[in-house]
Structures are given as structure tokens and as C-alpha cells.
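So you can see what is in the structure, the chains are spelled out below.
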Amino acid sequence: MGFHEVRFPASLSFGSVGGPERRTEVVTLANGFEERNTPWAHSRRRYDAGVGMRSLDDVEMLIAFFEARRGQMFGFRWKDWADFKSGKASVAPQFQDQVIATGDGSVAVFQLNKTYRSGLQSYTRPIAKPVAGSVKIGIQGDPMREGVEFEVDTATGLVSFAHPPDEGVEITAGFEFDVPVRFDTDRIQTSVASFQAGDVPNVPVIEVRV
């Protein structure tokens, strides 16, 4: 899959609309009860980048980005302003934000993830596109030093330790992250007259699996 490690202009995604999508298959039985199932282990996010356009300069920036990605051909990073941190949106990421794994004394590479909780239920989302310089890692409550005790691959979200964490120790992480996406269209239609009248182009963007 072709992917460019470049972020869609954050000033344009700030005004976009979108969020997670699930796929649920619902079968209504003869007695009125339902059976529900899903073929997706993870949600998929969709956005409309056109809503964030506020000037003709923005439209020009959008077209340049679209052309450089060859339409749907190449994926790119997207900042979801509603969900881009490991912890609360109002505070900077801390290394205690998320428990990402438990050491076993032999494995030294771990995937970043974020867990969403509501009541007794939870969902763990793999994070593949952390923001460079934002990742903080801790082991059993102690902060680790990037470049000395661990390294982060910002293209995959994999954290590699210089030495495998001991068995039973809790590995935690804090970070900012982007969503891997692509344009969900090979055509962008714009009109200067329509834009000045308040109409904005429809520019669908969809998350890709990486």
C-alpha cells in the first residue's frame, strides 16, 4: 500500500467533520429477537475535508495536497482534532496514560495502543501513526529515555526497547497520534462563484488499515 508520511494541513482538518464508523450485521428472527454480529474487529474513521475550507487559499492548498497524493493512490496522515491524544484532550500526554503491554522478559518490541472504556466494557485501538517527539514511555511507573532505553518507529507505532522488559512489569505510554487515511474520491469539484456563495466542496477521506 502506497503511503506518504505527511500530514494533511492541520489548519484545514480543524474544521472538518467525521469520526468512527462500525459495521454491524443485524438479523431479525421470526420471533422478533435479533442476532447481531460484526466482521470488523476495529472501527474505521471517515471525514469530510471540504468543510474546513474557509478561503480560496485553503482550496488551493487542498488541491495541491490532493494532486501530490495522486487522488486515492497514496495514503497520508490526518489529525483528528476530536481524538489525537493518549489521554484527556485538555492535557499534554503523560507516560502513564495507557497500559500498552506487560513484559515477559523476552519480547522487546510492542505496539502502541489506546484503550477506550465505558462502564465495564472496553475497546483497544492499535496506534500506527504516533507523532514524532510526542511519545513518552514508562516501565513500572518509571519514565524511560527515548534514544537511550527505547526507540519509536513513527511509521508503524512500534516501540523497541534496548533490553526486553522484565516479566510482569507494566509498560505504559503517552503520545499524540494521527490517523492513516486516503482520499475516498478521485475527483474534486470546485467553483469560485459557489465557494464565495457559501458552498464548500465535498472531499471525503477514509481511514486505511496499516
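Computed from a predicted model, the values in this text were never measured in an experiment. (Residues numbered from 1 in each chain as written. Predicted model: local features only at pLDDT ≥ 70, side-chain atom pairs only at ≥ 80, totals over all residues. Heavy atoms only, no water.)

A.B. asks: Describe the overall build of the chain, and please don't skip the residues or the numbers.
C.D. replies: For the chain, the helix and strand inventory stands at three helices and 17 strands. Looking at the 210 residues of the chain, the share that counts as buried comes to 40%. Partitioning the contacts of the chain with sequence separation of at least 6, the portion at a separation of at least 24 is 74%. As displayed, the chain offers around 11700 Å² of accessible surface, 50% of which is attributable to carbon and sulfur atoms. Charged side chains of the chain number 23 positive and 28 negative; the gap between the two group centres comes to 3 Å. (Helix = DSSP H or I, 4+ residues; strand = E, 2+ residues; numbered from the N terminus. Buried < 20%, exposed > 50% of the residue type's maximum accessible area, 1.4 Å probe, protein only. Contact = heavy atoms within 4.5 Å. Areas by Shrake-Rupley, 256 points an atom, 1.4 Å probe, with all protein chains shown as cover. Lys, Arg positive; Asp, Glu negative; His and termini not counted. Charge placed at Lys NZ, Arg CZ, Asp CG, Glu CD.)

A.B. asks: I'd like to hear about the side chain of Asp48, residue by residue, with values.
C.D. replies: As for its placement among the helices and strands, Asp48 is situated in strand β5 (residues 44-48). The side chain of Asp48 is buried and forms no salt bridge, while Arg46, the nearest opposite charge, is found at 11 Å. Within the structure, the side chain of Asp48 is placed 3.0 Å from the backbone nitrogen of Gly50, a separation counted as a polar contact. Looking at Asp48, its side chain comes within polar contact range of the main-chain nitrogen of Val203, at 3.1 Å. (Salt bridge = Lys/Arg side-chain N within 4 Å of Asp/Glu carboxyl O. Polar contact = N/O pair within 3.5 Å; in protein donor to acceptor, adjacent residues only side chain to side chain.)

A.B. asks: Which residues make up the layout of surface pockets, and what values do they have?
C.D. replies: In this structure, the largest pocket occupies an estimated 310 Å³ of space. In terms of lining residues, the largest pocket is bounded by 20 residues, among which Pro126, Ala128, Pro180, Glu207 and Val210 are the most central. At the level of secondary structure, the elements contributing two or more residues to the lining of the largest pocket comprise β10 (121-126) and β16 (179-183). The biggest single contributor to the lining of the largest pocket is β10, with three residues. For the lining of the largest pocket, the class distribution of residues is 10 nonpolar, four polar and six charged. (1 Å grid on protein atoms, 1.4 Å probe; cavity = no way out; pocket = protein on both sides within 12 Å on 5 of 7 lines; lining within 4 Å. Points joined across faces, edges and corners; volume = space filled by probe spheres on them. Nonpolar A, V, L, I, M, F, W, Y, C, P; charged D, E, K, R; others polar.)

A.B. asks: Hey, could you go over the environment of Gly2 for me, with residue numbers and the actual values?
C.D. replies: Inspection of the secondary structure puts Gly2 in the segment before β1 (3-7). On a C-alpha basis, the gap between Gly2 and Phe183 in space is 13 Å, while along the polypeptide they are 181 residues apart. The residues touching Gly2, leaving out its near neighbours within four places in the chain, are Met73, Phe74 and Gly75.

A.B. asks: How would you explain the sheet that holds strand β17 (residues 204-207) if you had to name every residue and give the values?
C.D. replies: The pairing of strands in a sheet happens through backbone hydrogen bonds and is either parallel or antiparallel. Taken in spatial order, the six strands make up an open sheet running β1-β6-β16-β17-β5-β2, and their pairing is mixed. This sheet does not close on itself; its edge strands, each paired only once, are β1 and β2 (17-21). Across the sheet, the mean angle from the axis of one strand to that of its neighbour is 30 degrees, orientation sign disregarded. Looking at chain direction, β16 and β17 are connected through three bridges and run antiparallel. By the bridge assignment for β17, Arg182 is matched with Ile206. (Pairing = 2+ DSSP bridges. Axes fitted to C-alpha atoms, helices over the stretch in contact; angles between N-to-C directions.)

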